[in-house]
Amino acid sequence: MQFLLNNEIVRVSDVEPTKSVLSYLREDRFLTGTKEGCAEGDCGACTVVIAELESEGLSLKSVNACIQFVPTLHGKAVFTVEFLRRQNNGNLHPVQQAMVDKHGSQCGFCTPGFIMSLWCLYNEHQEAKTIPIRSDVRSALTGNLCRCTGYKPILQAADAMFEVAPVTFDNDGLRDKLLALKTESPSTYSHTEGQLHSPTTTAELLQLRADHPEATLLAGGTDVGLWVNKQFRTLSSIIYLGDIPELKSITQNDQYINIAAGVTLSNAYKALAKHYPEMNQMWERFASRPIRNVGTLGGNIANGSPIGDSMPALIAIATRVVLSSVRGQRELLLEDLYLDYMKKDMAADEVVTLIKIPLPLADQAFRCYKLSKRYDSDISAVFTGMAITLDNDLVSDVKIAFGGMAATPKRASHTEQFLLGKSWDEATAKQAMTILKQDYSPMTDMRASDQNRMQSAMNLLYRFYLETRPVNPLTKEMTDVFGEV
Ligand SMILES: Cc1cc2nc3c(=O)[nH]c(=O)nc-3n(C[C@H](O)[C@H](O)[C@H](O)COP(=O)(O)OP(=O)(O)OC[C@H]3O[C@@H](n4cnc5c(N)ncnc54)[C@H](O)[C@@H]3O)c2cc1C
Ligand code: FES
Ligand code: FES
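Only a predicted model underlies this, so the values are computations on that prediction, with no experimental measurement involved.

1. Observations concerning the overall build of the chain
Moving on, step 1. From N to C terminus, the chain includes 18 helices and 20 strands.
Moving on, step 2. Burial statistics for the chain: of 485 residues in total, 56% are counted as buried.
Moving on, step 3. Excluding contacts between residues fewer than 6 apart, the proportion of contacts in the chain whose partners are at least 24 apart in sequence is 65%.
Moving on, step 4. Accessible surface, the chain: about 20900 Å² in total, of which carbon and sulfur atoms supply 51%.
Moving on, step 5. Each charge sign in the chain was given a centre, from 48 positive and 56 negative side chains, and these centres are 4 Å apart.

2. Quick notes on the environment of Gly221
Moving on, step 1. Along the chain, Gly221 turns up in the loop between β8 (216–218) and α9 (224–231).
Moving on, step 2. The buried category is assigned to Gly221, whose relative accessible area is 6%.
Moving on, step 3. Counting along the chain gives 243 residues from Gly221 to Phe464, while the straight-line C-alpha distance between them is 34 Å.

3. Points about the packing of helix α16 (residues 426–439) against helix α17 (residues 450–468)
Moving on, step 1. Their axes nearest at 9 Å, the elements α16 and α17 cross at an angle of 155°. Judged by the inter-axis angle, α16 sits roughly antiparallel to α17. The hand of the α16/α17 crossing is right-handed. Contacts between α16 and α17 pair Glu426, Ala429, Lys430, Ala432, Met433, Thr434, Leu436 and Lys437 from the former with Met454, Ala457, Met458, Asn459, Leu461, Tyr462 and Tyr465 from the latter.
Moving on, step 2. Its residues assigned to classes, the contact of α16 with α17 comprises 10 nonpolar, 2 polar and 3 charged.

4. Looking at the sheet that holds strand β16 (residues 351–358)
Moving on, step 1. The 5 strands are arranged β10-β11-β16-β12-β13 in an open sheet whose pairing can be described as antiparallel. Each end of this open sheet is capped by a strand with a single partner; those strands are β10 (250–252) and β13 (328–333). Along the sheet, successive strands turn relative to each other by an average axial angle of 20°, direction set aside.
Moving on, step 2. Relative to β16, strand β12 (residues 320–325) runs antiparallel, the two sharing 5 bridges. Of the residues in β16, the one forming a bridge with Leu323 is Val352.
Moving on, step 3. Strands in contact with helix α8 (residues 202–211) are β12 and β16; relative to β16, the strand with the most contacts, it is inclined by about 130°.
Moving on, step 4. On the sheet, helix α10 (residues 265–275) packs against β10, β11 (256–260) and β16 and is oriented at approximately 175° with respect to β11.

5. Here's the deal with the nonpolar core
Moving on, step 1. One finds Phe3, Met279, Ile301 and Leu314 to be the most contacted residues of the largest nonpolar core, which totals 69 residues.
Moving on, step 2. The element best represented in this core is helix α14 (residues 310–316), accounting for 5 residues.
Moving on, step 3. Among all residues touching Leu314, those that are not within four sequence positions of it are Leu272, Met279, Leu297, Ile301, Thr319, Leu334, Ile355 and Ile357.
Moving on, step 4. Grouped together as the second largest cluster of nonpolar side chains are 38 residues, Ala98, Phe114, Leu118 and Ala140 included.

6. With respect to the sheet that holds strand β1 (residues 2–5)
Moving on, step 1. Pairing in this open sheet of 5 strands is mixed, and the strands run β2-β1-β5-β3-β4 from one edge to the other. Looking at which strands have only one partner, the edges of the open sheet turn out to be β2 (8–11) and β4 (57–64). Each strand axis lies, on average, 30° off the axis of its neighbour in the sheet, ignoring direction.
Moving on, step 2. For strand β3 (residues 47–54) and β4, the ladder comprises 8 bridges, and the chain directions are antiparallel. Following the sheet pairing, Thr47 is matched in β4 by Asn64.
Moving on, step 3. Packed on one face of the sheet, helix α4 (residues 111–128) meets β3, β4 and β5 (77–79) and runs near 35° to β3.

7. Section: the packing of aromatic side chains
Moving on, step 1. Tallying each qualifying case throughout the model produces 14 aromatic pairs.
Moving on, step 2. Between the aromatic rings of Phe83 and Trp119, the centroid separation amounts to 5.9 Å while the plane-to-plane angle is 70°, which identifies the pairing as edge-to-face. Of this pair, Phe83 sits in helix α2 (residues 82–87) while Trp119 is found in helix α4, placing the two residues 36 residues apart along the sequence. An identical accessibility class is assigned to Phe83 and Trp119; each is buried.
Moving on, step 3. Members of the aromatic cluster, joined through ring pairs, are Phe79, Phe83, Trp119 and Phe169.
Moving on, step 4. We note Lys356 situated over the ring of Tyr256; from NZ or CZ to the ring centre the distance is 4.6 Å.

8. With respect to the site of ligand 1
Moving on, step 1. Taken together, the neighbourhood of ligand 1 is formed by 33 residues, with Leu217, Ala219, Thr222, Thr296 and Asp309 sitting nearest.
Moving on, step 2. One of the backbone nitrogen or oxygen atoms of Asp309 is found 2.7 Å away from an oxygen atom of ligand 1.
Moving on, step 3. Contact with the protein chains removes 94% of the 990 Å² of surface that ligand 1 exposes when unbound.
Moving on, step 4. Ranked by residue count, the leading element in the shell around ligand 1 is helix α13 (residues 297–303), at 4 residues.
Moving on, step 5. Across the shell around ligand 1, the residue classes break down as 17 nonpolar, 10 polar and 6 charged.

9. Some remarks on helix α3 (residues 94–101)
An α-helix turns once per 3.6 residues; consequently, residues spaced three or four apart project the same way.
Moving on, step 1. Along α3, the residues that are buried comprise Pro94, Val95, Gln96, Ala98 and Met99.
Moving on, step 2. Buried-residue contacts for α3 involve α2, α4 and α6 (151–160).
Moving on, step 3. Positive backbone phi, approximately 60°, marks His103, located one or two places after α3.

10. Here's the deal with the domain arrangement of the chain
Accessible area lost on assembly of the parts is the figure often given for the size of an interface.
Moving on, step 1. Entries for the chain in the domain assignment read domain 1 (1–185), domain 2 (247–358) and domain 3 (364–479).
Moving on, step 2. Placing a centre on the C-alpha atoms of domain 2 and another on those of domain 3 gives a separation of 21 Å.
Moving on, step 3. Every contact between the two is made by 28 residues of domain 2 and, on the other side, 30 residues of domain 3.
Moving on, step 4. For the domain 2 and domain 3 pair, buried surface summed over both sides reaches about 2300 Å², with 61% attributable to carbon and sulfur atoms.

11. Overview of helix α1 (residues 21–28)
Moving on, step 1. Residues of α1 that are buried include every one of Val21, Leu22, Tyr24 and Leu25, and no others.
Moving on, step 2. Tucked inside the fold, the buried residues of α1 contact β1, β2 and β3.
Moving on, step 3. Looking one or two places after α1, you find Phe30, whose phi comes out positive at around 55°.

12. Quick word on the environment of Pro442
Moving on, step 1. Looking at the secondary structure, you find Pro442 in the loop between α16 and α17.
Moving on, step 2. By relative accessible area, Pro442 is classed as buried at 12%.
Moving on, step 3. Separated by 36 residues in the primary sequence, Pro442 and Ala406 have C-alpha atoms spaced 5.6 Å apart.

Calculation rules
Residues numbered from 1 in each chain as written. Chains lettered and ligands numbered in written order. Predicted model: local features only at pLDDT ≥ 70, side-chain atom pairs only at ≥ 80, totals over all residues. Heavy atoms only, no water. Helix = DSSP H or I, 4+ residues; strand = E, 2+ residues; numbered from the N terminus. Buried < 20%, exposed > 50% of the residue type's maximum accessible area, 1.4 Å probe, protein only. Contact = heavy atoms within 4.5 Å. Areas by Shrake-Rupley, 256 points an atom, 1.4 Å probe, with all protein chains shown as cover. Lys, Arg positive; Asp, Glu negative; His and termini not counted. Charge placed at Lys NZ, Arg CZ, Asp CG, Glu CD. Axes fitted to C-alpha atoms, helices over the stretch in contact; angles between N-to-C directions. Parallel < 35°, antiparallel > 145°, perpendicular 65-115°, else oblique. Left-handed = near helix turned anticlockwise from the far one by under 90°. Nonpolar A, V, L, I, M, F, W, Y, C, P; charged D, E, K, R; others polar. Pairing = 2+ DSSP bridges. Core = buried A, V, L, I, M, F, W, Y, C linked by side-chain atoms within 4.5 Å. Phe/Tyr/Trp six-rings, centres within 6.5 Å; stacked < 30°, edge-to-face > 60°. Lys NZ or Arg CZ within 6 Å of the ring centre and 35° of its normal. Near = heavy atom within 4 Å. Polar contact = N/O pair within 3.5 Å; in protein donor to acceptor, adjacent residues only side chain to side chain. Domains from an automatic or database assignment. Buried area = accessible area lost by both parts, 1.4 Å probe.

Written as structure tokens, this is what we have:
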């Protein structure tokens, strides 16, 4: 396999398939600017920038090196903090200079990660000839934690990096280099520790899946990477989905937004939020920018965690999922994919290939709410998606789904049944809140107690009522503690 490391070609044949990019950089290349903090995608000390050619052209993304496996770099370019000074003829890059000038660093451990997130933002805006506003900067830094400096000087540095002479990134040069890297390389990376297959078509993927039902499917690796780092699992056979252009497409017809399983969370939620602006906050609050840059919608759905964010929102709007295998395709309602805790209606040879999200229905009111301890980069304690249609103030259709309340993402069937045909008024909403107790018996864990979860779910249903009631509905600014954040 081969890739560009700080703009120079590197060929690799001797690293274990699950070696993290972070370990490779530090241990094999002595590029120790990239740090390890948490090894689970949370702190951003390991942030690097990965560039690749996509259908829309060259993309540069901030990524957590700690949970990416080295062979997935094949055909891509990785940039570490060491590159920046080289890019500016030995001088500090404007991003670095601004961090110095604004005192954006104390112990310095988090600093290379911040620098790389800011460098990515800097290049994006240099290319577009724009200056980011504060919310863009905050969003770009959602995956970086600092324990000593405090964020204000870092935000000030982000403003200051545009105040000095610009250093432009050679996008065209990189594009040419990446095109030249595209070789007829074998699609299987083999090592004594295991194999990583990289199919480039869906047909090839399905055949590999049929031949290797024991293999681990790897998309963005934001769940799988943790199995290796935190659970020390050995994955001797991996099928990587990241090199299949068909799995990265987003299309639309008069009924559905069709999102292929390998579309990143960033791109998927960008497409969804155009039709469902109510998903904007969920998009922003789903993990962090670097996680959304690589994590896929298909991975979120296929993993099927009871606390995953996408499922309750998508179930409430009757999303369908397509499973494919060499035997053919089948399509089911997303909620029917989940049988029990982490158990899915998915055969060993099947792969999630497409997610079909219905276009918004006229007269349907939809909301989704995330409750977590932190605003950014936090797993939900409770997540809900709710959709309601009224016919002369009477509930003609309603779908309510919760995450964090049961062993799977689950519809509130008793509550929905109760609501159908009722007048959508205060008394109905209050009664529906109590009926939710028939639908869920949540558990207590580090994120919330069972009582907290139940009470929160009831309150979210009430909030949904307040925002969607026929008379005097409350606006988002009135119900949301974060308002327009
Ligand atoms: C720091 C951090 C924060 C996070 N925050 C959130 C959050 O706020 N909300 C949330 O919901 N999740 C969160 N996650 C979890 C994770 O990012 C998501 O579940 C993500 O969508 C997984 O996608 P992936 O492409 O990285 O999946 P991977 O890790 O590659 O795969 C996940 C699972 O799905 C399987 N799989 C992947 N693609 C397919 C497919 N097409 N067909 C069949 N099986 C497949 C894999 O074999 C594996 O079992 C977070 C993770 C981290 C590390
Ligand atoms: S080391 Fe913390 S995100 Fe990678
Ligand atoms: S400067 Fe010490 S953690 Fe950020």
